[in-house]
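Structural overview
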Amino acid sequence: MEDNNEVNEVDLTDSKMVVPLNTWVLISNFKLSYNLLRRPDGTFNRHLAEFLDRKVAPNANPVDGVLSFDVIIDKGTSLLTRIYQPASADAPQPNILDFHKPVGVEVLPVIIFFHGGSFAHSSANSGIYDILCRRLVGNCKAVVVSVNYRRAPENRFPCAYDDGWTALKWVNSRSWLKSTKDSKVHIYLAGDSSGGNIVHNVALRAAESGIEVLGNILLNPMFGGLERTESEERLDGKYFVTIQDRDWYWRAFLPEGEDRDHPACNPFGPRGIRLKDVKFPKSLVVVAGLDLVQDWQLAYAKGLEKAGQDVKLLFLDKATIGFYLLPNNDHFYTVMNEISSFVRSDC
Amino acid sequence: MEPYGNSGGVSSSASSSSSSSAASITKPHEMDGYLAEAGYMVRSSDLRHVAQRLERLENVMVNSPNDLAHFASDAVIYNPSDLASWVDSLLSASDLSISDLDFPGVIINNHHTALPTADTWAEIPPISAAPPQNHHQVTAVMEEDSGIRLVQLLVTCAESVQRGDLALAGSIIETMRALLTRVNTDCGIGKVAGYFIDALSRRVFTPQSVGSDGGSAHQNELLYHYFYEACPYLKFAHFTANQAILEAFHGHDCVHVIDFNLMHGLQWPALIQALALRPGGPPLLRLTGIGPPSPDGRDSLREIGLRLAELARSVNVRFAFRGVAASRLEDVKPWMLQVSPKEAVAVNSIMQLHRLLGSDSNRNSPIEMMLGWIRNLNPKIVTVVEQEADHNKAGFLERFTEALYYYSNMFDSLEACGAMQPDKTLAEMYIQREICNVVCCEGLARVERHEPLSKWRTRLELAGFSPLHLGSNAFKQASMLLTLFSAEGYRVEEKEGCLTLGWHSRPLIAASAWQVMPLPEATATATNPLGIVNHSANHV
């Protein structure tokens, strides 16, 4: 005999009212499928995840002025990157040797892109990220290198950062990516969600090693901490994301036994690394006003500021997570413009 | 380890990826462009459906997360790009019966009548906020219980709409659609429910797409024709009115019929022929037909007039036709009709007067104005046929439940006539337009403001008309004609001189006739029907 006659209903009204219908369908679908993939015991249904993920092949023929191809940059870890380049439709069909001819532009921004997915989901060849990188190329007239970093829970901290670092070193040493003005590769790091977190950590490593990164772009970066912030409590479950799933992903990424004040999760928390006097790149931090971890993201921006670093915060009031996945809202265009200005400031 | 993991989902869509400026406006049957770029194929018209399914899955997961996770691991999923099928297969594979998705406030009734009849309706208890009981009774999905369930859900949905809770209404619509898949939608409650669910769906989800005419006048005319053929209502209306007009024209040599809605002029051949056979010979017959203007430059009114003239000529009836094109009945002014003082006038309104009952903040309803000038024409007879229903109540829920009952009977009666396809479906579409207007529209857009005979009686008497008995002849002949043209189950009834045609015990259409009651201070006389004093303009 049931002792509870009530049916628990989820109120999805909030999320439905702020995003266009196709965005709602897309992100809800992710939410649904991601729920199916996370197991309570901390394991992840990787086979199903790969099956469900919509992937696209690279295309060396320019489509809308962008061509793409895949390169394995580390055979040891099978680390793959997908490279996107601006190209004109009437250029002759490139062959493999052409890919290593200098792009030959006076100032060529090269954006190393880390896709999102909370460290566990998606790949460089996921449809949503392939199209986003193409848009970045078109928008910024840049080369984009999308890194297919190793994912949690199979590969915990610091694998994703190691892969990012490998990619940075690789990009930095490509002669064909050099800008002719100063014979250097003009590198920017960009990423959304977990990718944003990777950006920060790779930039840290770059600063320690003397590789110059010209700028960091963090889109809805994934940060957290032990404490429950006001925004987490206020927005829990309202706009596609729950505190519960955030906790799961941190448990999957951080070393076993660690908590969310680990510096990878909470860079300006009690165990954070001091950034004062570090030659850290300028940062563009984009925060969606309906993202439940915004308090951590805002704290990150504040932390950079307090450490005397150059940071620009773009707070998008009514944006939810994933707003940049479909170009059907103002925030998308605002952010694209900002990113473009950011990477082309010295062109 | 492979660089890109399981490549089961690799598609070659990169080469066909649309430009980043893919139009965000897609036709309903086309795939949503932005989702397609992301690798998901969903038709624009399916977006809402998929969204609703996702929402339901969300609810399922909240309530029984383990089931779905199990399914996800074990099931074979074919094409994750096809979002619509994927969410549907997840939903259907989950071990739920519809009853698990109850909403608070829906009480499951234990009736066993398959179709709502007068008795069933009276017994349905009012909606209360009590939690749902006895889930188990509905687990075996029986046709009858599903039918009753559908009715309950429809009413609950209407109640949510009335309260303005469109989110809940939307959810209920989704549940109903699912339940519809388990009932027979070819007849009975399944069929009617389908139409009402569609109408509610329009009202809740796409209110901007609902116009007052719900389609072109031309389409309407076509559907009217099928409705005319498929069931006896319009034939009854025409026949009864003609009988009364014939009697009213007795002894007059010049007669003028004003038809408020000519349509195809289907009513008039019979009258023309009856007048031709009149002892003493036919009168001069003038017919003024009112109808909407033709959009494509044709003069459809004139075309119909010509055909009727041809018929009149063939039976030696002197005939003159005039068409008056007006998009709204209230735009017609008496001078357009050119009534002559010498003629006996019959005003014929088949399901038109109710369209004049709408009003908004800017103007009152034109019914009184219209009835006023009709009276001033000094007609010998005004024949009025109207739907015998109360679909003009202010409260949405009341209106909705009335309409549900009314149209259930109408659809049942249509079923009994056994029209062939596609005629039957087209006839149903005619009815569906009425339903949509009653359910979806408000203000001036809502033209199907049916009121019962008792209300029309009051209205017409107030306007200076008195009832004309339709006579026992009319009744007998109507009954006889019915046996020829319809089916078992139809019933003609006489009520205070008016005739109704209905299905079993429920009258669905009422025909009445009226004459002008002399008012004490009337200035209208036989030679001055418009009551104008000192006119100098030609008024013939």
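For the structure, see preceding data.
Since the structure is predicted, the reported quantities are computational estimates derived from the model, not experimental observations. (Residues numbered from 1 in each chain as written. Chains lettered and ligands numbered in written order. Predicted model: local features only at pLDDT ≥ 70, side-chain atom pairs only at ≥ 80, totals over all residues. Heavy atoms only, no water.)

Residues and elements named next belong to chain A. Overall, mixed pairing links the 8 strands, which are arranged E2-E3-E5-E4-E6-E7-E8-E9 in an open sheet. Both outer strands of the open sheet, strand E2 (66-74) and strand E9 (311-316), are each paired with one neighbouring strand and no more. Taken pair by pair, the neighbouring strands of this sheet meet at an average axis angle of 20 degrees, ignoring direction. Helix H4 (residues 127-140) rests against E2, strand E3 (79-86), strand E4 (109-114), strand E5 (143-147) and strand E6 (186-192) of the sheet, and its axis sits at about 40 degrees to E3. (Pairing = 2+ DSSP bridges. Helix = DSSP H or I, 4+ residues; strand = E, 2+ residues; numbered from the N terminus. Axes fitted to C-alpha atoms, helices over the stretch in contact; angles between N-to-C directions. Contact = heavy atoms within 4.5 Å.)

Residues and elements named next belong to chain A. Per the stated rule, a full pass over the model turns up 14 cavities of 30 Å³ or more. Estimated volume of the largest cavity: approximately 120 Å³. Taken together, 14 residues line the largest cavity, and the ones lying closest to its centre are Tyr34, Ala49, Leu52, Asp53 and His121. Elements with a minimum of two residues in the lining of the largest cavity: helix H2 (21-37) and helix H3 (46-52). (1 Å grid on protein atoms, 1.4 Å probe; cavity = no way out; pocket = protein on both sides within 12 Å on 5 of 7 lines; lining within 4 Å. Points joined across faces, edges and corners; volume = space filled by probe spheres on them.)

What follows is about the pairing of E2 of chain A. Working note: regular strand, side chains alternate between the two faces of the sheet. Where E2 of chain A meets E3 of chain A, 8 bridges bridge the pair, whose relative direction is antiparallel. Across the sheet, the residue bridging to Ile72 of chain A is Leu80 of chain A, located in E3 of chain A.

Moving on, we come to the environment of Leu108 of chain A. All names here are of chain A. Structurally, Leu108 is set in the loop between E3 and E4. Judged by relative accessible area, which is 2%, Leu108 ranks as buried. For the pair Leu108 and Lys178, spaced 70 residues apart in the sequence, the C-alpha separation amounts to 7.2 Å. Contacts of Leu108, omitting those with residues within four sequence positions, involve Val103, Lys141, Val143, Leu177, Ser179 and His186. (Buried < 20%, exposed > 50% of the residue type's maximum accessible area, 1.4 Å probe, protein only.)

Time to look at unusual backbone geometry. Here the bond from Ala152 of chain A into Pro153 of chain A is cis, since omega is -5 degrees, no more than 30 degrees from zero. In this model, Phe157 of chain A is joined to Pro158 of chain A through a cis peptide bond whose omega is 0 degrees. Relative to the assigned elements, Pro158 of chain A resides in the loop between E5 and helix H5 (159-172). The phi dihedral of Asn220 of chain A falls on the positive side, at around 45 degrees, and the residue is not glycine. As for its position among the elements, Asn220 of chain A is in the loop between strand E7 (215-219) and helix H7 (230-235). If you check the backbone angles, Met263 of chain B has positive phi at about 50 degrees while not being a glycine. Locating Met263 of chain B in the fold gives a position in the loop between strand E2 (254-259) and helix H11 (268-276). Judged by relative accessible area, Met263 of chain B falls into the buried class, the value being 12%.

By themselves these figures say nothing about function.
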